[in-house]
Amino acid sequence: MERHAWHEAFELLTTADRERRLEARDLDALGEAAWWAGRMDDAIAARERAYAAYVEEGDANQAAMMAVLLVRDLGVRRESALAGAWMSRAERLLEDQPEGVAHGFLIRYRSRSTFERGDFQQALDLNEQALEIGTRLGNQDLQALALQGKGEAMVAMGRVEEGRAIQDEATVAAVSGELTPFVTGIIYCNVIADCADLGDYGRAGEWTEAAKRWCERQSITGFPGICRVHRAEIMRLRGSWAEAIDEAQRACTELEGHGMLAFVGDAFNELGHIRLRMGELNAAADAFRQANELGHEPQAGLALLRLAEGKVDRARVTIDRAVADAGSDRLRRVKLLPVQSRIALLTGDLDVARAATEELEAIAEAYDTTAFHAQALASRGALQVAEERPAEAIATLRQARKLWTEIDLPYEAAEIRVSLGLAYRATGDEDAATLELEAARAMFERLGATLDAR
């Protein structure tokens with residue numbers, strides 16, 4: 001266990017368990033080894049037995065910790081009823097106990113569901129409570145998770161710089177080896193996801209590589225598979241599509257084998273976006289269907305798929321519903337609004353396109369990241385072309401092209417060149433239009449974006 005030789009530890013503990021009944025602490029270790037070895041059924045069975053053994057020993061806090069781990073394991077398997085039952089057991093066990101580390105972890109898990117419901121202030125408050133407990137009791141894992149959750153809530157609320165500074169503090173603990181393997185993996189995974197959500201793809205790529213090296217040192221395959229999903233997204237954005245497909249497919253295999261169905265849908269959604277950019281529409285549709293079956297709602301990808309199929313009205317219905325469902329979550333809306341604006345322009349609804357563009361500009365102003373500014377400029381430029389203001393559009397789109405190029409997103413830069421070429425053509429500058437359109441076609445061909453090149 002200390003060497004993180006998970007498979008060997010699992011085999012040794014399993015053999016010992018057959019020879020004599022393991023005590024609570026050893027069952028706890030068996031569950032941990034089984035989890036990292038990708039034996040989720042065995043991990044759950046061992047933790048259920050460890051829970052009962054801790055209760056028998058009168059150790060309510062450790063029993064509650066086992067219950068909390070079971071909430072986590074069952075949650076990622078989409079077994080919500082069982083996860084809820086174990087959450088109730090943990091709460092009941094801790095009712096009459098002095099405040100301890102288990103209380104802090106329970107509060108931290110409550111903060112996750114609160115965050116996912118969009119109540120960011122409540123999530124912030126809960127993470128501050130968990131952080132206070134972790135700090136007072138000297139538990140570094142709890143402190144790091146609470147710091148990461150606190151920073152995530154702040155970023156979602158628009159307090160970007162403050163939130164990211166707090167997240168960096170948690171990440172330093174992970175990098176320096178102060179945390180247990182699972183919490184280290186969670187911190188890496190969350191910071192990569194947060195960077196990607198903010199459009200900070202350079203930073204996301206750096207953390208993705210750091211996480212890959214950590215996984216290799218710990219004999220962990222992609223934590224397990226989750227880091228591969230993020231790596232596939234960065235590869236897609238950088239234009240390495242063949243490698244992105246391989247990474248996304250490996251993520252699907254690893255996550256399915258580990259029983260982490262809550263994340264398999266993310267992997268299929270990413271696979272759908274890659275296939276879509278390559279012009280493989282049937283494969284993209286199949287990937288989005290599988291993502292949806294596993295609980296990931298792929299409306300943005302589906303809307304773009306319908307657009308590629310020429311089904312503009314269906315694309316509009318899909319994206320409008322997705323934007324409505326996103327509510328006030330700006331980091332969800334920023335992924336949807338560019339698609340809504342594009343589809344609205346194709347249907348001649350300039351009012352919807354204008355509203356989406358103005359909201360994108362407000363989000364870019366609030367979060368102040370290069371990718372968000374580039375996206376807002378791209379939407380504004382396309383709108384100016386539709387409003388027959390090509391001279392203004394040229395200035396706007398050239399700035400968008402500059403930003404996409406700076407952060408090395410070649411597909412997005414090529415799309416901007418198409419809009420820019422049309423804007424030049426509208427002013428009568430056919431030479432400039434030809435240069436931009438030929439550059440766009442060349443990039444699409446290099447990337448393998450067959451439909452866009454055509």
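Description of the structure in this document. (Residues numbered from 1 in each chain as written. Predicted model: local features only at pLDDT ≥ 70, side-chain atom pairs only at ≥ 80, totals over all residues. Heavy atoms only, no water.)

### Quick word on the packing of aromatic side chains
Working step 1: Enumeration according to the criterion identifies 10 aromatic pairs in this entry.
Working step 2: A centroid spacing of 5.1 Å and a plane angle of 50° characterise the contact between Phe115 and Phe120, whose relative ring orientation is tilted.
Working step 3: Phe115 gets classed as buried once you look at its relative accessible area, which sits at 16%.
Working step 4: An angle of 85° between the planes, with centres 6.1 Å apart, marks the rings of Tyr367 and Phe372 as edge-to-face.
Working step 5: Take Tyr367: its relative accessible area is 2%, and that puts it in the buried class.
Working step 6: Given a relative accessible area of 7%, Phe372 falls into the buried group.
Working step 7: Across from the ring centre of Trp86, 4.5 Å away, lies the NZ or CZ of Arg89, which sits over that ring. (Phe/Tyr/Trp six-rings, centres within 6.5 Å; stacked < 30°, edge-to-face > 60°. Buried < 20%, exposed > 50% of the residue type's maximum accessible area, 1.4 Å probe, protein only. Lys NZ or Arg CZ within 6 Å of the ring centre and 35° of its normal.)

### Side note on the state of the cysteines
Working step 1: The final tally for this structure, using the stated rule, is zero disulfides.
Working step 2: Left without a disulfide partner, Cys189 is nearest to the cysteine sulfur of Cys227, which lies 5.3 Å away.
Working step 3: We classify Cys227 as buried; its relative accessible area is 1%. (Disulfide = S-S within 2.5 Å.)

### Some points on the nonpolar core
Working step 1: In this structure, Ile187, Leu255 and Trp404 are the most contacted members of the largest nonpolar core, which totals 125 residues.
Working step 2: A per-element tally of this core places helix α4 (residues 60-76) first, with 11 residues.
Working step 3: Residues contacting Ile187, with those up to four places away along its chain left out, are Ala144, Leu145, Gln148, Ala170, Thr171, Ala174 and Leu179.
Working step 4: Residues Ala315, Ala364, Tyr367 and Ala376 belong to the second largest nonpolar core, which totals 24 residues. (Core = buried A, V, L, I, M, F, W, Y, C linked by side-chain atoms within 4.5 Å. Helix = DSSP H or I, 4+ residues; strand = E, 2+ residues; numbered from the N terminus. Contact = heavy atoms within 4.5 Å.)

### Quick look at the packing of helix α20 (residues 370-386) against helix α21 (residues 390-406)
Working step 1: At a minimum axis separation of 8 Å, α20 and α21 run at an interaxial angle of 155°. Relative to α21, the element α20 lies roughly antiparallel. Between α20 and α21 the crossing geometry is left-handed. Together, Thr370, Ala371, His373, Ala374, Gln375, Leu377, Ala378, Arg380, Gly381, Ala382, Gln384 and Val385 of α20 and Pro390, Glu392, Ala393, Thr396, Leu397, Gln399, Ala400, Leu403 and Trp404 of α21 make up the contact between the two elements. (Axes fitted to C-alpha atoms, helices over the stretch in contact; angles between N-to-C directions. Parallel < 35°, antiparallel > 145°, perpendicular 65-115°, else oblique. Left-handed = near helix turned anticlockwise from the far one by under 90°.)

Such coordinate-based values are descriptive only and should not be taken to indicate function.
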